[in-house]
Each structure stands twice: as C-alpha cells, then as structure tokens.
Amino acid sequence: MKFDTPATQNPIDQLKVVGQPVDRIDGPLKTSGQAPYAYEHHDIAPNPAVGYVVGAGIAKGAITAIDTELASRAPGVLAIVTAQNAGKLGKGKMNTATLLGGPDIQHYHQAIALVVANTFEQARAAAKLVRVQYVRREGAFDLAAQKRDHGDAAKHIPKTDAGDFDAAFAAAPVTVDHTYTTPDQSHAMMEPHASLAVWKGDKLTIWTSNQMIAWGRSDVARTLGIPKENVRLISPYIGGGFGGKLFVRADALLAALGARAAGRPVKVALPRPLIINNTTHRPATIQRIRLGAGRDGKLTAISHESWSGDLPDGQPEEAVQQTKLLYAGANQRTALNLMTLDLPEGNAMRAPGEAPGMMALEIAIDEMAQALDMDPVHFRVLNDTQVDPTDPSRPFSQRRFVECLQTGARHFGWDKRDPKPGARREGRWLIGLGVASAFRNNLVTKSAARVRLDAAGRVIVETDMTDIGTGSYTIIAQTAAEMLGVPLSRVVVRLGDSAFPVSAGSGGQWGANSSTAGVYAACEKLRTLVLERLGFDAQGVVFANGAVTDASGRSAPLTRAVSGGELIAEDAIEFGDLDKKFQQSTFGAHFVEVAVDAATGETRVRRMLAVCAAGRILNPKTARSQVIGAMTMGVGAALMEELAVDHRAGFFVNHDLASYEVPVHADIPRQEVIFLNEDDPVSSPMKAKGVGELGLCGVAAAIANAVYNATGVRVRDYPVTLDKLLAQMPSDA
C-alpha cells in the first residue's frame, strides 16, 4: 500500500479498540516468567555450551601475541575462538568497529576472544587464563582537549544557514552566548546483550536481544560471509534496548562462531563492563548556542554548533536538528563537528540528537527569557511558528506546541512560580519550578506484515517487529482487531522473527506508527479477500462483532469466509513524499518542581508533568508508560548519569550499575502525562505519531531550569551534581 496522500476516514477511526487503554498482552507472560528471553530458550537448547568474552585490555594498538594454551586445557573448555582461527570475517554495515578484534585494537574491551565451556563458571575461569601481549599506541580520549588542540582537524558537517545570522546577532539588543556540555551516557538496559546460536548444517539461527531484526540478519550474514537466506534471527521479547540493541554486537557474532567451533549450541551474554565499553553509548557533546532577540522578545538570530566524537568512520551526535525547527527566526545557523576519538563506539541512544540537543537549547532559551525579564513560558509561546522557519512554504502537518505549553502551565500551577531565584523556601529546602519544550521529529519507514484468518476465525498477525517493552504486541493486536471487527481475544500476534515480513523495527520513535500502519495495509488486503469469498460489495461494508455486514443489511460471520480454507494476506505500508510537503514533528512541554537542600546542594525532583501532542494515541496506557519511562531517564540525565572517561587509558571507568548511577524508585515523584487529542492524517493511515522519545526531550533542561529558579545557580555542564552547586549557593543558604 502506498501512502502518498493524507488519510481520510477509515476503519481505525471507529476507535472501538484502537485508542483504548488496553493492558499489555505480554504483561502476564513477563510477570509470570513465561516470556523467554534470548538467554533462556531451554526448549531449543536444553544443555547449551556457554561462551565468555575476553575484551581488549588496551584502547588502541595491536595484539602481538595471544596464548590460549592454558585456557584450552582448563576443565570443561570446548573451544576458544580468536581472530586467528575464526576464518575470514567481514564487517557489518551498521558497526563502526569490527566485532572481533585482532591483531588491531580499535577500542577498549573490543572482543578479542571467546572461551566456550560446558558451564558459565568454567568459561569465565578459563578466560582469565588467556594471556595477551599488546603494543599500545597513542589514542585520543578527551573530547574537550581534542576540540581545543585539534579543532581544525574536525570533520565539519556542512553548516546550514538561513538568512544572515552574523549580522542579525551583531544587531540584536539582547544576546545570549554560552557553551553547554553533556557527558557520555550508557543505555543501562536491564536485560544484557545476549544471544543463543544454533547451527543445523549451513543454516544458522540466533535467538538474540535485538531491536531491528532485518538489520541484524543482514549484518550477521555480511560478517560471516554467508547468504542472508541461511541466517534466521529471533527476538520475541527484549528487556530494554533504548537504541543500544539497534545493531548486532559481539554476543551475537561470537555465539555463532562459538557454536560452529564447539559443534553445539552456544549462548553468550555480555557482562555489564562489556556492555558499557564494548557496545555503543550516547557520545558526549560540547554545544555553543548564541541567541539574539529584540526587546519585544522575538528571536532574531539563532545559532547552535555542536562537537562530538567517535571512532574513525563514525557519525556525529546530531544535537542541532531540533534548533532548525522549534522556534521562529529568519536568521539561523547550525553546525555539527566530529572529532576522532578512540573510545568505544558512539551511536544512537533514546532520542538521539534531540535529547542532548534539547538539554542545551532549552537552558539557553531560559537564559534568554531571563535576560529579557520575560516569563519562560510566554517567551516560548511568543516565538512559535506554524511553518518550517528555514522554508516558510512548508507548513507543519500539525503543531500544537503552544497548546502544550499553555495546558501544562495551567495544570501545573505555573502562575504560582516566583520568578526571583531562591525566593521560595521550605525549611532547609529551596524550591524551584522549571519548564522546557519537547520536540522530536516524526519519522516513518516502510513496514510489512502478514495477516491470516484461520478456520476458527482467529486473526494471526506475523511481522518481524520487536517489542522492547513498548507495547508492540498490544497495539498491533488492537489494529488488527479494529480492522477486522473481532475482539482482542481472537487476535494472535507473533513478532521478532526474520522468517516474518520485514517491519519498521523498534527505533527512532517510528516503530509504533509505522508497524501498525503495515498491519493496517495487510488487513486492508485481507478484508478484500474476505469480501471476495463472501460475494459482498465493498461499498458501505462493516466488519464488526466477528461478522461482515454490507450496505443492504446482509450479514455473514467471518468464519464463513474461511469455510473453504484459511485466508492469508501480506502487504507493506510504503510512504511517499508527504514528508517533503509537510514538516512532521511531535511537540510537548515538560514542567518540573525541584527542592534543593540549602546546605548540601542535594536535589530532589518533587513533581513532573509532560504534555504531549503526538498524533493519535493508539493506547493511552502503553503510551503513558513510555512517556513516564522517558521522564525517568531525563531525571538520570539531569542529575546523575555520566560515564567517567579515563583520559590516559581510554575507557569508561564506571562500567557497572554500582558506579554508573541511574534513577531508582526513591528518586522519582508523582509523574503526570497529558495527551492532547490530535489526529495527523499526513503521518499515516493510523493518523498517529511516535511518543516514546518525545517524553525524554527537554526533561533534563526543565530540571536544570528548576534548579536555577530554586538557587540562582545556572549549571551548564551536565549532570547537575551538588559539587557544581555548592560554591555558588546563595550566601543566606
């Protein structure tokens, strides 16, 4: 199905099932332990061998010798895989560094060997007996130092200019010019990167924790040098990904190599230090933002430049993209600069680009409001635009940004905020309120599904879409139930298998909208087959209550259509060029109340509110869960999450969940979410958009702005820890 004109009325608009707060279908399976994760397929491999990964002990250099003799004679050892005996390996399209290093080492904890044994304990003990000799080479591990000393050598992504920023900034009566930093961050998902590999002849099946099945399958085949048809990836349940499982990592490749070497199934899970240093992370940024405004509060000049680092051939963190679209202003400049660093690979983490970009931009916007002596909500409203600021001929498909801000302000009690920093106190606590905008582009991508109507009248949906805790099973079932007029109990959803049609996958906030649109397309085709079997005219037909009724009132149960055999339909949603005619984005506003201890600088978040405009909400319950989870990540980003880099040895020091701090239940207060009632017919037949990343964008800045309102201390370097507050706290505190 080609989607190249805005959606008109369709069966989804009935909203009998879609749009309802349905409990997650997979919830009972997960809470009862019946949902098997990648490491737990005991039915497939009741006694698998276990692989333990040896990571490189240097960040840059080469292996001069690797001695596996002692390890190979250790109890229970079945095989040891290294680059020397693994055979010729390619490199996945999605990987920046090779997944099995040697002799060259590209980053710390790059996998250099896999020890396979009968038990995990045996494999781990033997791995400690592998002796490796290296020659170290000088590496670059400090983004700030590289920018300072070698900034001219950065890879400069071409600047995007609109109007004349330099002239407008020079002429602006009120200006802001500050630099902000965000640190390296880890995805810190609960389920580790884990895989179980089984060979049958030349056919390989990997049960793995992966968000994008089709990408992973292609990369496994490319790396191993075997036909894609000989690879099957299965990932029905995933215990969190946040972008860290978009691409296959060392666990999947080494499980496959280990299984081939040992001649039996092998499972591999990366321990937490290798998750943090071996897989991807959100890269640190240095962002300079310059704003110019008139005395009336209208922005006249906007510039946002960002520096980030990655391995050679890597990509920058696109922290400036929201700045091109969020606020009106005819004179704009954005620029990305990429420094080469020899740290582990920087790549996508929930809301890549906008999350760190909004952390900086929304503090700068607050600082401009302060310079203008203007309310921060009013200032944002004043600079709204209904068209792409860089291309006024291109309107937004929907933009209810102002309504998000005004709704949130009323609901949160913003009018009670004292604009004077440090003015409100409750005992030892200084109290502050903060606000920030939320913005994330609406991305859509081709997605396919297969829908089957069986003899019992059940609707079976198959697609390689994944569920990373987002509720994919549930909203896909709701879509099929709505389209075919059956109760949810008659829908079976099968996900996460490369044997199924290729979906959008889980990532980029495109998963829910695109995958359900693909199911919509397949259901449309199945509806046509049903009508052909029944001899019904499509005009005015209604699918409801397990039956089909035409315009004349003639009715037949769905089961009659399959009396001669089940019906199967497969189709994909393919998106045209509507994204060129309309700017498609999601909008929101975050409001936060914090309390800061006047003596210690300890910060506690007291209240949080998110107001979101993100198209049709397919399931308010699962969508709310996505937003409050994102808000929780925003608390971590604001107050505690930071990978500490050893600038001498080139690795992340705090590579476990004891020292890489993330929020816990005690850190999170009451969280409220308001969804504006919105349909966007330009987005898809579902008239929906994504929301799971929008809920993160701006949260950290709202917290930082609230800390400023509480204390008068403006922290521009995340996270906002007490050591950055204490020296500048009010003297009377």
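Residues numbered from 1 in each chain as written. Predicted model: local features only at pLDDT ≥ 70, side-chain atom pairs only at ≥ 80, totals over all residues. Heavy atoms only, no water.

Draft legend 1. View of the overall build of the protein chain. Regarding its fold elements, the protein chain presents 18 helices and 32 strands. Relative to the globule expectation of 27 Å for 733 residues, the C-alpha radius of gyration of the protein chain, 27 Å, shows essentially globular dimensions. On the principal axes, the C-alpha backbone points of the protein chain span a range of 80 × 75 × 50 Å. Across the protein chain, the fraction of contacts at a sequence separation of at least 24, relative to all contacts at a separation of at least 6, is 81%. Carbon and sulfur atoms form 50% of the exposed surface of the protein chain, whose accessible area is close to 27,200 Å². The average position of the 76 basic charges and that of the 78 acidic charges among the side chains of the protein chain differ by 3 Å. (Helix = DSSP H or I, 4+ residues; strand = E, 2+ residues; numbered from the N terminus. Rg over C-alpha atoms; globule rule 2.2 N^0.38 Å. Contact = heavy atoms within 4.5 Å. Areas by Shrake-Rupley, 256 points an atom, 1.4 Å probe, with all protein chains shown as cover. Lys, Arg positive; Asp, Glu negative; His and termini not counted. Charge placed at Lys NZ, Arg CZ, Asp CG, Glu CD.)

Draft legend 2. How the structure looks around the environment of Gly565. Here Gly565 shows up in the loop between α14 (558-561) and β27 (567-575). Each C-alpha atom of the pair Gly565 and Asp454 lies 7.5 Å from the other, and the pair is 111 residues apart in sequence.

Draft legend 3. Here's a closer look at the pairing of strand β20 (residues 429-441). Most of β20 is tucked away, with 13 of its 13 residues classed as buried. Along β20, one buried face is formed by Trp429, Ile431, Leu433, Val435, Ser437, Phe439 and Asn441 and the opposite face, lined by Leu430, Gly432, Gly434, Ala436, Ala438 and Arg440, is buried too. Pairing geometry for strand β19 (residues 425-426) and β20, over two bridges, is antiparallel. Each residue of the ladder has a partner; that of Glu426, found in β20, is Trp429. The loop that links β19 with its antiparallel partner β20 comprises two residues; one of these, Gly427, has a positive phi angle of about 60°. (Buried < 20%, exposed > 50% of the residue type's maximum accessible area, 1.4 Å probe, protein only. Pairing = 2+ DSSP bridges.)

Draft legend 4. Representation of the sheet that holds strand β25 (residues 547-549) in the model. Ordered by their spatial adjacency, three strands build an open sheet running β24-β25-β26, and the pairing between neighbours is antiparallel. Of all the strands in the sheet, the pair left with one neighbour each is β24 (542-544) and β26 (555-557). Shown here is a sheet whose adjacent strand axes are inclined to one another by a mean of 20°, direction ignored. Examined bridge by bridge, β24 and β25 share three bridges and lie antiparallel to one another. (Axes fitted to C-alpha atoms, helices over the stretch in contact; angles between N-to-C directions.)

Draft legend 5. The arrangement of the pattern of salt bridges in detail. Throughout the structure, instances matching the rule amount to 48 salt bridges. Here Lys60 ties to Asp342 by a salt bridge, and the two come within 3.7 Å at their closest N and O atoms. Of the two residues, Lys60 sits in the loop between β2 (49-55) and β3 (61-67) while Asp342 sits in the loop between β16 (332-340) and α9 (354-371), which places them 282 residues apart along the sequence. A residue is classified by how much of its surface remains accessible, and Lys60, at 30% relative accessible area, is partly exposed. Of the charged contacts, one joins Arg380 and Glu362 as a salt bridge, the two residues approaching to 2.7 Å between their closest N and O atoms. With Arg380 in helix α10 (residues 376-382) and Glu362 in helix α9, the pair connects residues that are 18 residues apart, well separated along the chain. When sorted by exposure, Arg380 lands in the same class as Glu362, which is buried. What you see here is one network of salt bridges that share partners, running through Arg450, Arg452, Glu462, Arg494, Glu566 and Glu570. (Salt bridge = Lys/Arg side-chain N within 4 Å of Asp/Glu carboxyl O.)

Draft legend 6. Structural detail: the sheet that holds strand β4 (residues 77-82). The mixed open sheet is built from seven strands, whose spatial order is β4-β6-β2-β13-β10-β11-β12. Each edge of the sheet is formed by a strand with only one pairing partner; in this case those strands are β4 and β12 (231-234). Going across the sheet, the axis of each strand differs from the next one's by a mean of 20°, ignoring polarity. Looking at chain direction, β2 and strand β13 (residues 266-269) are connected through three bridges and run parallel. Bridge pairing links Ala49 to Val266 in β13.

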